[in-house]
Amino acid sequence: MEQINDIDTATDTSRISISAHYTGYIWYKNGLSHKQFVTPMGRAAYWALKPMNIFMQKMVGASIDTFLLQRHFVLDHLVEQAIEEGFEQIVELAAGLSSRGYLIKKAHPSIHYVEGDLPGMSARKAELLDQLGRAEGHMTQPCNILDESGTHSIEALLGSLDKTKKTLIITEGLVNYFDLPTIRKVWARMAVALKQFPQARYVTEVYPKLEQHPSYKYVKVAQKVVGFFTQGEYPLHYDSNKAMQQGFIEDGFAQVAVTAPEDYYDKLDMPTSSRQSLVRLVAADV
Ligand SMILES: C[S@@+](CC[C@H](N)C(=O)[O-])C[C@H]1O[C@@H](n2cnc3c(N)ncnc32)[C@H](O)[C@@H]1O
């Protein structure tokens, strides 16, 4: 009994869930979400972080929200691209209060969309989707990315899907809450589990450690603020696109593309930053 409690404590990262209220509000405020997913906590966090955002805009040339929006737009684009390529199953892990699943199901009713998150957040999302009138083939499932086995593991979630269909995993706003060895173990498990599908891809954003970036010292401030809000660390991963790509290859992915928001400025109508951006987008195929 004691041992079970120890394991639960080690993998309980529900302290991070508060961040979903903030991002959920940012998506709504910028016309990217249904108001159903707005919570009082999200609204309060937005006002609490407003001074920080003004400071970042002045010093870095873009606010935290700009970087959030950039990643969100590009990830949406990468998902749409996968759908065009014939991907029919999408698993969004740590989906939080994002309405990506809701919007994709509206635009592409035949897609099988599964939203995974920690049990508390998953239950909340299930209720919100039910109130909106949930589309057929839009599932919510409790999933803890740190569970290596059992009903809440990524392996169990993928195991419940159709093995004949092209399958995509997406995570947004998740990976930098974990230190690199921890998240690499998750990525390696994903790569193994994705190999059971005829074609499979993982897309995510990663905030790298760009110590040479002119705004790096302000990034450290933002990192501290996020860490304070979520009562933990917010480590940055890899110091170059090449190192990031190599890392994913070593984790078991066969083909890895690392891009930056500016690579999409001519394609996507999204907020731009005056300096080199601080986030990277990864599309990794097994
Ligand atoms: C910053 S929010 C991102 C939510 C959403 N993807 C978005 O961009 O708006 C982080 C999410 O990670 C979830 N989370 C934290 N730890 C997790 C874990 N171990 N397994 C799965 N999800 C987790 C939280 O519940 C929360 O919904």
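A.B. asks: So what exactly am I meant to see when it comes to helix α10 (residues 241-250) here?
C.D. replies: For the α-helix, the turn length of 3.6 residues means that residues three or four positions removed from each other point alike. When we look at burial in α10, the residues that qualify are M244, G247 and F248. One side of α10 holds all its buried residues, which, seen down the axis, span an arc of 95°. Turned more than 90 degrees away from the buried face of α10 sit K242 and E250, all of them exposed. Phi for G252, located one or two positions after α10, is positive at around 115°.

A.B. asks: I keep staring at the nonpolar core and nothing clicks. Help me out?
C.D. replies: One broad trend across soluble globular proteins is that nonpolar side chains are buried collectively. Ranked by size, the top nonpolar core spans 63 residues in total, and within it W187 and F253 carry the most contacts. If one sorts the elements of this core by residue count, helix α8 (residues 180-194) sits on top with seven residues. Not counting residues up to four positions away in its chain, the partners in contact with F253 are W187, M190, A191, L194, Y202, F248, A284, D285 and V286. Grouped together as the second largest cluster of nonpolar side chains are 19 residues, L75, F87, V203 and L281 included.

A.B. asks: What's the story with the packing of aromatic side chains in this structure? I'm lost.
C.D. replies: In this description, an aromatic ring pair is defined by two values, namely the gap between the centres and the angle between the planes. Under the defined criterion, the tally for this structure stands at 10 aromatic pairs. The positively charged end of K125 is found above the aromatic ring belonging to F37, 5.4 Å away from the centroid.

A.B. asks: Got a minute to help me understand the site of the ligand in this structure?
C.D. replies: Around the ligand sit 22 residues, and of these T13, S17, W27, A94 and D117 come closest. Here an oxygen atom of the ligand sits 3.4 Å away from a polar atom, N or O, in the side chain of R71. I145 has a polar backbone atom sitting 3.0 Å from a nitrogen atom of the ligand. For the ligand, the protein covers 99% of the area, taking 600 Å² as the surface of the free molecule. The leading source of residues in the shell around the ligand is helix α2 (residues 18-29), at four residues.

A.B. asks: Is there a simple way to think about the pattern of salt bridges in this case?
C.D. replies: It is possible for side chains bearing opposite charge to pair when their charged atoms get close. The tally for this structure, following the rule as stated, stands at 14 salt bridges. Ionic pairing is found between E172 and R100, a salt bridge with its closest N-O pair at 2.9 Å. With E172 in the loop between β4 (167-171) and α8 and R100 in helix α5 (residues 100-107), this residue pair connects regions lying 72 residues apart in the sequence. Look at R100 and you get buried, because its relative accessible area is 3%. The partner of D130 in a salt bridge is R134, with the nearest N and O atoms 2.9 Å apart. Three or more residues are tied together by salt bridges with common partners; here these are R71, D76, E92, R100, E172 and E205.

Reading the values: the criteria
Residues numbered from 1 in each chain as written. Predicted model: local features only at pLDDT ≥ 70, side-chain atom pairs only at ≥ 80, totals over all residues. Heavy atoms only, no water. Buried < 20%, exposed > 50% of the residue type's maximum accessible area, 1.4 Å probe, protein only. Helix = DSSP H or I, 4+ residues; strand = E, 2+ residues; numbered from the N terminus. Arc of directions from axis to C-beta. Core = buried A, V, L, I, M, F, W, Y, C linked by side-chain atoms within 4.5 Å. Contact = heavy atoms within 4.5 Å. Phe/Tyr/Trp six-rings, centres within 6.5 Å; stacked < 30°, edge-to-face > 60°. Lys NZ or Arg CZ within 6 Å of the ring centre and 35° of its normal. Near = heavy atom within 4 Å. Polar contact = N/O pair within 3.5 Å; in protein donor to acceptor, adjacent residues only side chain to side chain. Areas by Shrake-Rupley, 256 points an atom, 1.4 Å probe, with all protein chains shown as cover. Salt bridge = Lys/Arg side-chain N within 4 Å of Asp/Glu carboxyl O.

So, to be careful, I would describe these as geometric facts and stop short of saying anything about function.
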